[in-house]
Amino acid sequence: MTSRKRQAPDPLLPVRSAKYQRTEENQGIWNRWRQLGTDAFTLGYETVRLGYLSLMNSSQKLGVSQASSRQPEKPNQTGSLPSQATYSALPPRLPIPEEFHKDSQPVAGRSRLSSSLQSHSESSNALNGNGNSPPSTLTGHTSVTPVPSTSKGYVQHNQSYDFIGSSAHGRGVVGGIRPRRSRDHIYARVHKAKVQDDRKKDREELVQELFHYKRSTGYTSDFDSFKSLINYQARLEILERHALSRAPRPGLSRRHSFSDDVDPDFLERALRKARKSFELPPPKPFSPSHDRLRLSARHRDEAIEKRLRPKLPKVLPPDADTQVNALLCKKGVISKVARESVNDRDLSRLLPSQWLNDEIMNFYGAMILTRSESNRDPTAKRKMLDVHYFSTFFWPKLKNEGYEQGRLAKWTKKIDIFSKDVILIPINHNNSHWTGAAINFRRKRIESYDSMNLDRHQVFKALRSYLDSEHRNKRKKPFDFTGWQNHNPEDTPQQENGYDCGVFTCQFLESLSRGEEEFHFSQRDMAYLRRRMIWEIGHAKFLDGP
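Residues numbered from 1 in each chain as written. Predicted model: local features only at pLDDT ≥ 70, side-chain atom pairs only at ≥ 80, totals over all residues. Heavy atoms only, no water.

Novice: Explain the overall build of the chain to me, please; I cannot follow it from the model alone.
Specialist: Within the chain, the secondary structure is distributed over 16 helices and nine strands. In the chain, which comprises 546 residues, the proportion classed as buried is 36%. Relative to all contacts within the chain whose residues are 6 or more apart in sequence, the contacts with residues 24 or more apart total 66%. (Helix = DSSP H or I, 4+ residues; strand = E, 2+ residues; numbered from the N terminus. Buried < 20%, exposed > 50% of the residue type's maximum accessible area, 1.4 Å probe, protein only. Contact = heavy atoms within 4.5 Å.)

Quick look at the structure:
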């Protein structure tokens, strides 16, 4: 049997492999180092250039903004290079895909922007000995429009890499062009301040002239009080206009929401009215009739009676004045009457130049009502009228909600207002002005007393509607208004500032509760009456005497 020797699977000696063929991609170690150095030089050159452009952008930013404000920048229709500010904000450009150039001739429709930047990059690559390096990444917008080819497989390509709009989104740049930014004149603030000063001087002159007219007609207060009165009248006129134009909104008619600058139109109207009163021709002479003589004699008798009637003093007695100072120093609740109470903050409203709040008005009304109920005894020394006092919350209910929706029938569930002599109602107009109103069953009158002497026809209308609704609810039939009149006396005492309306209203209602037909106080008595009201509220009773 012949045995055959098995051959070894691998040769014992190593076999030399074939020589590695050099290709275009494998150029040897030295060529690779040279390529790496070229790329590093290109990268350094572009880095330095971008740093230089950013530095130029920061130094020329002011000049570019001034130039754009003088003349709007026109669209770059010629394809020239953009400005330094736009050029520095451009992101890197994506390389153009090679398939765009397949089956087509060399690119002929490239924009001047991309071609100029590309040529610059190619020139830098040529200096480094690398002509096949990729295009520069500095351009931000590349539009490729190849020339149509005659080959059948040609497909037209049109692609735009618009990085300008995307990178500048939210920066006010549209299409690479910054919009024009308006800039004020260098003397704009000076001119505005001068105009405001001139207007302020004109207003002061108008107020001064109007003050001299008022002084000649009997105005007695000083110029500062007159200025507050003019501001107050202007505010009330604005609030009345708002009330007639639309329903008032909460917070719109706050006193502190107005400025102290009076509208010049308001001052012009007031001046024209004052001048017109002085330019009227003198009255014609007349021979008085018998009735006229009787009326003048009656007025003369009333003047004599008023002269004999004791006037209001200027100050309180010394002991009462000391008690007033002690009451102003107390803290917490000062006094209580019926369901009403007053604390130290409420009582401080009676200091000079302060508006009165609802707590003071309602407390004083409760005192009037308590005095009326305690003087029903026929043996009382001083006969008082049988009155009823509605709180300050009655008028907003009646005006804004009405009789039914405001549920005003419950307000008189335990009383019969038609058996009373007078119904007293304090009214707050637009949270800015206090006035007094009364339903006088003795005189068959609906009365309104306003220390600013404004038109209050809406008060008469609302109170007539309330009387009819209340009579229908309690007596089950309409109210008979035969012989009833609206009473708004012209000789109502007038305030000469912008903060005493509440004191006037309290004194109106207190005098009406005593059956007085005339009021024997004026603006001169307000300082005394404020101190007197502090004493009366602190002791929950009225001070005897005038």
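After that view of the structure, there is still more to cover.
Novice: Just to check I follow, could you spell out the pattern of salt bridges for this structure?
Specialist: Oppositely charged side chains can pair when the atoms bearing their charge come close. Overall, the coordinates contain 19 salt bridges when judged by the stated rule. One salt bridge in this structure joins D416 and R475, with 2.9 Å as the shortest N-O distance. A residue pair is termed long-range when its members are at least 10 positions apart, and D416 in the loop between α13 (394-405) and β6 (422-429) and R475 in the loop between α14 (457-474) and β9 (485-487) qualify at 59 residues. R456 is paired through a salt bridge with D450; the nearest N and O atoms lie 3.1 Å apart. Pair check on accessibility: R456 and D450 agree, each one buried. Each of R371, E510, R514 and E516 takes part in salt bridges that share partners, so that together they form one network. (Salt bridge = Lys/Arg side-chain N within 4 Å of Asp/Glu carboxyl O.)

Novice: Can you walk me through the pairing of β6 in this structure?
Specialist: Look at any regular strand and the pattern is simple: side chains alternate between the two faces of the sheet. Within β6, eight of the eight residues are buried, which leaves it mostly tucked inside the rest of the structure. In this sheet, β6 lies alongside strand β5 (residues 387-389) in parallel orientation, the contact comprising three bridges. Pairing of H388 across the sheet is with I423, part of β6. Taken together, β5, α13 and β6 constitute a β-α-β crossover, and its handedness is right-handed. As paired elements, β6 and strand β7 (residues 433-440) share eight bridges and run antiparallel to each other. Of the residues in β7, the one forming a bridge with H429 is H433. (Pairing = 2+ DSSP bridges. Right-handed = clockwise from strand over helix to strand, strands pointing away.)

Novice: Would you take a moment to explain the packing of aromatic side chains for this structure?
Specialist: Two numbers describe a pair of aromatic rings. These are the distance of the centres and the angle of the planes. One pass over the full model with this rule turns up 24 aromatic pairs. Residues F394 and Y466 carry aromatic rings whose centres are separated by 5.1 Å and whose planes lie at 85° to one another, so their mutual orientation is edge-to-face. Taken together, the residues span a long stretch of sequence, with F394 in helix α13 and Y466 in helix α14 at a distance of 72 residues. Between the aromatic rings of F508 and F521, the centroid separation amounts to 5.7 Å while the plane-to-plane angle is 40°, which identifies the pairing as tilted. Separated by 13 residues along the polypeptide, F508 in helix α15 (residues 501-513) and F521 in the loop between α15 and α16 (526-539) bring together distant segments of the chain. (Phe/Tyr/Trp six-rings, centres within 6.5 Å; stacked < 30°, edge-to-face > 60°.)

Novice: Teacher, can you tell me more about α15 here?
Specialist: Taking 1.5 Å of rise per residue, 13 residues should cover 18 Å, and α15 covers 19 Å from first to last C-alpha, within 8% of that figure. In the segment just after α15, G515 is the residue with positive phi, at about 85°. (Expected span 1.5 Å × (residues − 1).)

Novice: What am I meant to see in the environment of Y389 here?
Specialist: In this fold, Y389 is placed in strand β5. Residue Y389 is classed as buried on the basis of its relative accessible area of 9%. Distance from Y389 to I368, taken between C-alpha atoms, is 7.7 Å for residues 21 residues apart in sequence. Aside from chain neighbours lying at most four places away, what touches Y389 is M361, N362, G365, A366, L369, L424, P426 and L509. A distance of 3.0 Å separates a polar atom in the side chain of Y389 from the backbone oxygen of M361. (Polar contact = N/O pair within 3.5 Å; in protein donor to acceptor, adjacent residues only side chain to side chain.)

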